[in-house]
Amino acid sequence: MALTGFFLISFLIVHCGINAMIFFNDNGETFNHWGHFMGTNLIVRTMEIGLFVFLLIHIIQGLLLWAQNNKARPIKYAMNRPQTNSKWYSRSMGLLGTLILLFLVLHLYHFWVPSRFGGMANVHALETTTLGDYGNQEAHNLYHEMLVVFQNLWVVIIYVLGVISLCWHLMHGFQSAFQTFGINHKRYTPIIKGVGYAYSIIICALFAAMPIAIYMGWIQ
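Every residue gets a number counted from 1 within its own chain, in the order that chain's sequence is written. Whole-chain, interface and lining totals are the exception, using all residues; otherwise, since this is a predicted model, local features are given only for residues with pLDDT of at least 70 and side-chain atom pairs are given and counted only at 80 or more. For the side-chain quantities, the full set of heavy atoms in the structure was used; hydrogens and water were omitted.

Caption draft 1: A look at the overall build of the protein chain. Counting from the N terminus, the helices are the DSSP runs of H or I reaching at least four residues and the strands are the DSSP runs of E reaching at least two. Looking only at helices and strands, the protein chain has seven helices and two strands in total. Listing every helix and strand of the protein chain by position from the N terminus yields α-α-α-α-β-β-α-α-α. Relative to its 220 residues, the protein chain shows a buried fraction of 33%. Working rule for contacts: check all heavy atoms of both residues, and any pair within 4.5 Å makes them a contact. Pairs at least 24 residues apart make up 71% of the contacts formed inside the protein chain by residues separated by at least 6 positions. For every residue, the accessible area obtained with a 1.4 Å probe (protein chains only) is divided by the maximum for its type, and the residue is called buried under 20%, exposed over 50%, and partly exposed between those limits.

Caption draft 2: Seen up close, the packing of aromatic side chains. Two rings belonging to Phe, Tyr or Trp (six-membered ring only in the last case) form a pair when the distance between their centres is within 6.5 Å. Interplanar angles under 30 degrees mark stacking, angles over 60 mark edge-to-face geometry, and anything in between is tilted. In total, this model carries eleven aromatic pairs according to the counting rule given. Seen in terms of ring centroids, Phe31 and Tyr143 are 6.4 Å apart; in terms of plane orientation they differ by 55°. Their pairing is tilted. Placement of the pair is Phe31 in helix H2 (residues 29-40) and Tyr143 in helix H5 (residues 142-149), with a sequence separation of 112 residues. Ring geometry for Phe52 and Trp112: centres 5.0 Å apart, planes at 55°, overall tilted. Separated by 60 residues along the polypeptide, Phe52 in helix H3 (residues 42-72) and Trp112 in helix H4 (residues 93-117) bring together distant segments of the chain. On the accessibility criterion, Phe52 (30% relative accessible area) is partly exposed.

Caption draft 3: Structural detail: the nonpolar core. Here, nonpolar core means buried Ala, Val, Leu, Ile, Met, Phe, Trp, Tyr and Cys residues that are tied together by side-chain atoms lying within 4.5 Å of each other. Within the largest apolar cluster, 36 residues are counted, with the highest numbers of intra-cluster contacts made by Ile22 and Phe150. Mapped onto this core, the elements with two or more residues apiece are helix H1 (2-19), H4, H5, helix H6 (153-180) and helix H7 (189-215). The contacts of Ile22, once residues within four sequence positions are left out, are Phe31, Tyr143, Met146, Met210, Ile214 and Ile219.

Caption draft 4: Representation of the environment of Gln137. Locating Gln137 in the fold gives a position in strand E2 (residues 137-140). The residues contacting Gln137, other than those within four sequence positions of it, are His36, Thr129, Thr130 and Leu131.

Caption draft 5: How the structure looks around a nonpolar patch on the surface. Residues enter patches when their relative accessible area tops 30% and they take part in no salt bridge; the joining distance is 9 Å for like charges and 5 Å for the nonpolar side chains Val, Leu, Ile, Met, Phe, Trp and Tyr. Here the accessible surface of atoms and residues is derived via Shrake-Rupley with a 1.4 Å probe, and residues count as covered only by protein chains that are part of the display. The working definition used for a salt bridge is a side-chain nitrogen of Lys or Arg within 4 Å of a carboxyl oxygen of Asp or Glu. Taken together, the side chains of Leu153, Trp154, Ile157, Leu161, Ile164, Ile212, Tyr215, Met216 and Trp218 present a nonpolar region at the surface, about 930 Å² in accessible area. Mapped by element, the contributors of at least two residues to the nonpolar patch are H6 and H7. Take the nonpolar patch: its biggest share by element is five residues, from H6. By the secondary structure assignment, Ile164 is in helix H6.

Caption draft 6: Quick look at the packing of H1 against H7. H7 packs onto H1 with a crossing angle of 40° between their chain directions and a minimal axis gap of 10 Å. Taken as a pair, H1 and H7 cross one another with a handedness that is left-handed. Here H1 contributes Ile9, Leu12, Ile13, His15, Cys16 and Asn19 to the contact with H7, which in turn contributes Tyr199, Ile203, Leu206, Phe207 and Met210. Looking at the contact of H1 with H7, its residues break down into nine nonpolar, two polar and no charged. For every element, the axis is a line fit to its C-alpha atoms; helices are fit only across the contacting stretch, and the angle between N-to-C directions ranges from 0 to 180 degrees. Should the near helix be turned counterclockwise from the far one by less than a right angle, the crossing is left-handed, whereas a clockwise turn marks it as right-handed. Side-chain classes follow a simple rule in which Ala, Val, Leu, Ile, Met, Phe, Trp, Tyr, Cys and Pro form the nonpolar group, Asp, Glu, Lys and Arg form the charged group, and the remainder, Gly included, forms the polar group.

Caption draft 7: Region of the structure containing unusual backbone geometry. One non-glycine residue with positive phi stands out, namely Asn25, at about 50°. Here Asn25 is to be found in the loop between H1 and H2. If you check the backbone angles, Asn27 has positive phi at about 65° while not being a glycine. Turning to its location among the elements, Asn27 is positioned in the loop between H1 and H2. Relative accessible area serves as the criterion here: at 59%, Asn27 is assigned to the exposed category.

This is the structure we're talking about:
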């Protein structure tokens, strides 16, 4: 869980950085440039396969841990006050992970599936755009897809709720991953927790700001 978690945390930095290019508000020129690079670079595409493998392992491991915890204590404590020694989100990782998974399925349906399989039966193809930096090469206009998808208020709400779930999930998972590898010291743990909180809030605030900004018309 910790190893795959570290990989996914690193991926989120890259993914958020690329998506944040929409804030240049240059009609998607910068965003589409880097989106095309991520979608055609051989190294990145190979890492994409690793991403799905690690994500699948992370989900399976999470389910196994949840099952093992329930099996270890099928009968609950007569008196249990978990709020005195743990945060609610650290006790709700299974629920938060499930909500994130549902959000991820929707996210892949909106962007990854059309980008990789557009033109196939029952899959809508993305519009194309001309990339001057690539010798006027035609490429998927993912920027336009974002503008279309986030015109729907319900989609925006679901995305924001999904990102909030991700934020809570990361707040516990970030520090917990370090602890799993034995990096747990009274001097360093508060720093790790602080970095984890900052990371979780900044990354998720940026992700949430994107659909909101598009829906509100701040990005066109």
